[in-house]
Amino acid sequence: MQTVTIKVNGETFTESVPPRLLLVDFLRERLALTGTHVGCTHEGVCGACTVHLDGDAVKSCLMLAVQADGHDITTVEGLAKGEELSALQRAFREEHGLQCGFCTPGILMNMTDFLKRNPNPTDDEIRQGLIGNLCRCTGYVHIVRAVRTAAKMLAAEAR
Ligand code: FES
Ligand code: FES
(Lines give C-alpha, C1' and ligand atoms only; values in the text may rest on other atoms or scores of the structure.)
(Ligands and ions follow the chains in the order given, each with its own letter.)
Protein backbone atom coordinates (compact mmCIF):
# COMPACT_ATOMS: atom_id res chain seq x y z
CA MET A 1 0.00 0.00 0.00
CA GLN A 2 1.06 3.56 -0.63
CA THR A 3 -0.16 6.75 0.97
CA VAL A 4 -1.34 9.45 -1.41
CA THR A 5 -2.57 12.98 -0.80
CA ILE A 6 -4.79 14.23 -3.59
CA LYS A 7 -6.90 17.36 -3.74
CA VAL A 8 -10.25 16.58 -5.36
CA ASN A 9 -12.74 19.35 -6.10
CA GLY A 10 -10.95 21.56 -3.59
CA GLU A 11 -10.90 19.03 -0.73
CA THR A 12 -7.71 17.23 0.30
CA PHE A 13 -7.82 13.46 0.79
CA THR A 14 -5.04 11.34 2.25
CA GLU A 15 -5.59 7.63 1.60
CA SER A 16 -3.64 4.42 1.61
CA VAL A 17 -4.02 2.79 -1.81
CA PRO A 18 -2.71 -0.27 -3.63
CA PRO A 19 -0.01 0.81 -6.11
CA ARG A 20 -2.06 -0.47 -9.08
CA LEU A 21 -5.34 1.22 -8.14
CA LEU A 22 -6.58 3.24 -11.11
CA LEU A 23 -7.44 6.88 -10.54
CA VAL A 24 -10.98 6.29 -11.83
CA ASP A 25 -11.51 3.55 -9.24
CA PHE A 26 -10.05 5.75 -6.51
CA LEU A 27 -12.54 8.50 -7.40
CA ARG A 28 -15.55 6.23 -7.74
CA GLU A 29 -14.93 3.65 -5.03
CA ARG A 30 -12.96 5.53 -2.36
CA LEU A 31 -14.50 8.97 -2.73
CA ALA A 32 -17.93 7.92 -4.09
CA LEU A 33 -17.58 10.45 -6.92
CA THR A 34 -19.55 8.33 -9.33
CA GLY A 35 -20.08 11.10 -11.89
CA THR A 36 -16.83 9.89 -13.43
CA HIS A 37 -17.96 6.96 -15.55
CA VAL A 38 -16.33 3.83 -16.96
CA GLY A 39 -17.55 3.14 -20.48
CA CYS A 40 -14.86 0.83 -21.80
CA THR A 41 -12.65 -1.73 -20.15
CA HIS A 42 -10.10 0.82 -19.00
CA GLU A 43 -8.66 1.06 -22.51
CA GLY A 44 -8.81 4.81 -22.95
CA VAL A 45 -11.23 4.65 -25.87
CA CYS A 46 -14.56 6.03 -24.57
CA GLY A 47 -13.57 9.15 -22.63
CA ALA A 48 -16.34 8.69 -20.06
CA CYS A 49 -13.75 8.75 -17.26
CA THR A 50 -12.26 12.15 -18.20
CA VAL A 51 -11.32 14.42 -15.30
CA HIS A 52 -8.95 17.37 -14.92
CA LEU A 53 -5.46 16.90 -13.55
CA ASP A 54 -4.11 20.33 -12.59
CA GLY A 55 -6.63 21.80 -15.03
CA ASP A 56 -5.85 19.54 -17.99
CA ALA A 57 -8.25 16.87 -19.26
CA VAL A 58 -6.97 13.31 -18.68
CA LYS A 59 -8.58 9.90 -18.87
CA SER A 60 -8.62 8.66 -15.32
CA CYS A 61 -8.68 5.00 -16.39
CA LEU A 62 -5.23 5.47 -17.91
CA MET A 63 -3.70 6.80 -14.68
CA LEU A 64 -2.88 5.25 -11.36
CA ALA A 65 -4.06 6.94 -8.18
CA VAL A 66 -0.42 7.13 -7.04
CA GLN A 67 0.39 9.21 -10.13
CA ALA A 68 -2.11 11.82 -8.90
CA ASP A 69 -0.32 12.11 -5.55
CA GLY A 70 0.26 15.79 -4.80
CA HIS A 71 -1.95 16.95 -7.66
CA ASP A 72 -5.32 18.69 -8.05
CA ILE A 73 -8.15 16.71 -9.57
CA THR A 74 -11.46 18.13 -10.69
CA THR A 75 -14.34 15.79 -11.48
CA VAL A 76 -17.69 16.63 -13.03
CA GLU A 77 -19.04 17.13 -9.48
CA GLY A 78 -16.64 20.08 -9.19
CA LEU A 79 -17.66 21.87 -12.40
CA ALA A 80 -20.58 23.84 -10.99
CA LYS A 81 -19.99 26.56 -8.41
CA GLY A 82 -22.54 25.57 -5.78
CA GLU A 83 -25.92 25.80 -7.48
CA GLU A 84 -24.51 27.69 -10.46
CA LEU A 85 -23.85 25.45 -13.44
CA SER A 86 -20.89 26.18 -15.68
CA ALA A 87 -21.59 27.76 -19.08
CA LEU A 88 -20.94 24.41 -20.76
CA GLN A 89 -23.37 22.61 -18.43
CA ARG A 90 -26.03 25.25 -19.13
CA ALA A 91 -25.40 24.99 -22.86
CA PHE A 92 -25.81 21.19 -22.75
CA ARG A 93 -29.13 21.65 -20.99
CA GLU A 94 -30.34 24.32 -23.43
CA GLU A 95 -29.22 22.54 -26.58
CA HIS A 96 -30.28 19.03 -25.49
CA GLY A 97 -26.67 17.86 -25.66
CA LEU A 98 -27.44 14.56 -23.97
CA GLN A 99 -29.86 11.69 -24.01
CA CYS A 100 -28.95 8.93 -21.54
CA GLY A 101 -26.18 11.13 -20.13
CA PHE A 102 -23.63 8.36 -19.70
CA CYS A 103 -20.97 10.04 -21.82
CA THR A 104 -21.83 13.55 -20.61
CA PRO A 105 -19.49 13.92 -17.61
CA GLY A 106 -16.46 12.97 -19.70
CA ILE A 107 -17.51 15.25 -22.55
CA LEU A 108 -18.09 18.15 -20.16
CA MET A 109 -14.64 17.71 -18.64
CA ASN A 110 -12.93 17.35 -22.02
CA MET A 111 -14.76 20.26 -23.62
CA THR A 112 -14.22 22.55 -20.62
CA ASP A 113 -10.48 22.10 -21.15
CA PHE A 114 -10.92 22.39 -24.94
CA LEU A 115 -12.75 25.74 -24.70
CA LYS A 116 -10.05 27.07 -22.38
CA ARG A 117 -7.48 26.33 -25.10
CA ASN A 118 -9.68 27.29 -28.05
CA PRO A 119 -12.35 29.79 -26.97
CA ASN A 120 -13.68 30.38 -30.49
CA PRO A 121 -13.68 26.98 -32.21
CA THR A 122 -15.14 26.05 -35.57
CA ASP A 123 -17.54 23.10 -35.73
CA ASP A 124 -14.78 21.02 -37.30
CA GLU A 125 -12.45 21.85 -34.43
CA ILE A 126 -15.16 20.90 -31.93
CA ARG A 127 -15.62 17.57 -33.72
CA GLN A 128 -11.87 17.00 -33.67
CA GLY A 129 -11.84 17.82 -29.96
CA LEU A 130 -14.54 15.22 -29.37
CA ILE A 131 -12.62 12.39 -31.03
CA GLY A 132 -11.70 10.87 -27.67
CA ASN A 133 -15.31 10.81 -26.40
CA LEU A 134 -17.80 8.20 -27.52
CA CYS A 135 -21.52 8.93 -27.36
CA ARG A 136 -23.80 6.05 -28.18
CA CYS A 137 -26.99 8.12 -28.28
CA THR A 138 -26.91 11.54 -29.87
CA GLY A 139 -25.07 11.43 -33.16
CA TYR A 140 -23.09 14.42 -31.82
CA VAL A 141 -25.15 17.13 -33.57
CA HIS A 142 -26.55 18.50 -30.33
CA ILE A 143 -23.25 18.04 -28.52
CA VAL A 144 -21.42 20.15 -31.12
CA ARG A 145 -24.19 22.75 -30.92
CA ALA A 146 -23.91 22.83 -27.12
CA VAL A 147 -20.15 23.40 -27.24
CA ARG A 148 -20.65 26.19 -29.81
CA THR A 149 -23.32 27.80 -27.59
CA ALA A 150 -21.05 27.54 -24.55
CA ALA A 151 -18.27 29.30 -26.47
CA LYS A 152 -20.69 32.16 -27.21
CA MET A 153 -21.84 32.31 -23.57
CA LEU A 154 -18.25 32.42 -22.31
CA ALA A 155 -17.36 35.15 -24.82
CA ALA A 156 -20.37 37.20 -23.70
CA GLU A 157 -19.46 36.70 -20.03
CA ALA A 158 -15.87 37.87 -20.73
CA ARG A 159 -17.06 41.16 -22.27
S1 FES B 1 -13.24 4.25 -19.10
FE2 FES B 1 -13.23 4.44 -21.27
S3 FES B 1 -11.62 5.88 -21.64
FE4 FES B 1 -11.57 5.56 -19.52
S1 FES C 1 -25.98 10.65 -24.23
FE2 FES C 1 -26.05 8.48 -24.09
S3 FES C 1 -23.99 7.88 -24.47
FE4 FES C 1 -23.98 9.97 -24.89
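Everything quoted here is computed from the prediction, not taken from an experiment.

Colleague: Got a minute to help me understand the sheet that holds strand β2 (residues 11–17) in this structure?
Modeller: Strand pairing within a sheet occurs via backbone hydrogen bonds; the two strands may be parallel or antiparallel. Strand order in the open sheet formed by 5 strands is β2-β1-β5-β3-β4, with mixed pairing between adjacent strands. Two strands bound the open sheet, and with one partner strand each, they are β2 and β4 (56–59). If you compare each strand with its neighbour and ignore which way they point, the axes differ by 40° on average.

Colleague: What exactly am I supposed to notice about the layout of surface pockets here?
Modeller: Picture a little ball the size of a water molecule; that probe, rolled over the atoms, points out where space is still empty. For the largest pocket, the calculated volume is near 360 Å³. Lining the largest pocket are 16 residues, with S86, A87, L88, T112 and L154 sitting closest to its centre. Breaking the lining of the largest pocket down by element, the ones donating at least two residues are α2 (87–94), α3 (104–117) and α5 (141–158). A total of 4 residues in the lining of the largest pocket trace back to one element, the largest contributor, which is α5.

Colleague: It is not clear to me how the pattern of salt bridges should be interpreted in this structure. Could you clarify?
Modeller: Side chains that differ in charge, positive against negative, can pair when their charged atoms come close. On inspection of all chains with the given rule, the structure shows 7 salt bridges. The shortest N-O distance in the salt bridge between R90 and E157 comes to 3.0 Å. Here R90, found in helix α2, pairs with E157, found in helix α5; they are 67 residues apart in sequence, far enough to count as distant. Overall, R90 belongs to the partly exposed group, its relative accessible area being 22%. The salt bridge partner of D113 is R117, with a shortest N-O separation of 3.0 Å. Of the two residues, D113 and R117 are both situated in helix α3; the distance of 4 residues between them amounts to about one turn of the helix. Residue classification places D113 among the buried residues on the basis of a relative accessible area of 6%. Looking at R117, the relative accessible area reads 55%, which means it is exposed. Through salt bridges with shared partners, one network takes in D56, D113, K116 and R117.

The rules behind the values
- Residues numbered from 1 in each chain as written.
- Chains lettered and ligands numbered in written order.
- Predicted model: local features only at pLDDT ≥ 70, side-chain atom pairs only at ≥ 80, totals over all residues.
- Heavy atoms only, no water.
- Pairing = 2+ DSSP bridges.
- Helix = DSSP H or I, 4+ residues; strand = E, 2+ residues; numbered from the N terminus.
- Axes fitted to C-alpha atoms, helices over the stretch in contact; angles between N-to-C directions.
- 1 Å grid on protein atoms, 1.4 Å probe; cavity = no way out; pocket = protein on both sides within 12 Å on 5 of 7 lines; lining within 4 Å.
- Points joined across faces, edges and corners; volume = space filled by probe spheres on them.
- Salt bridge = Lys/Arg side-chain N within 4 Å of Asp/Glu carboxyl O.
- Buried < 20%, exposed > 50% of the residue type's maximum accessible area, 1.4 Å probe, protein only.

The analysis is restricted to geometry; functional conclusions fall outside its scope.
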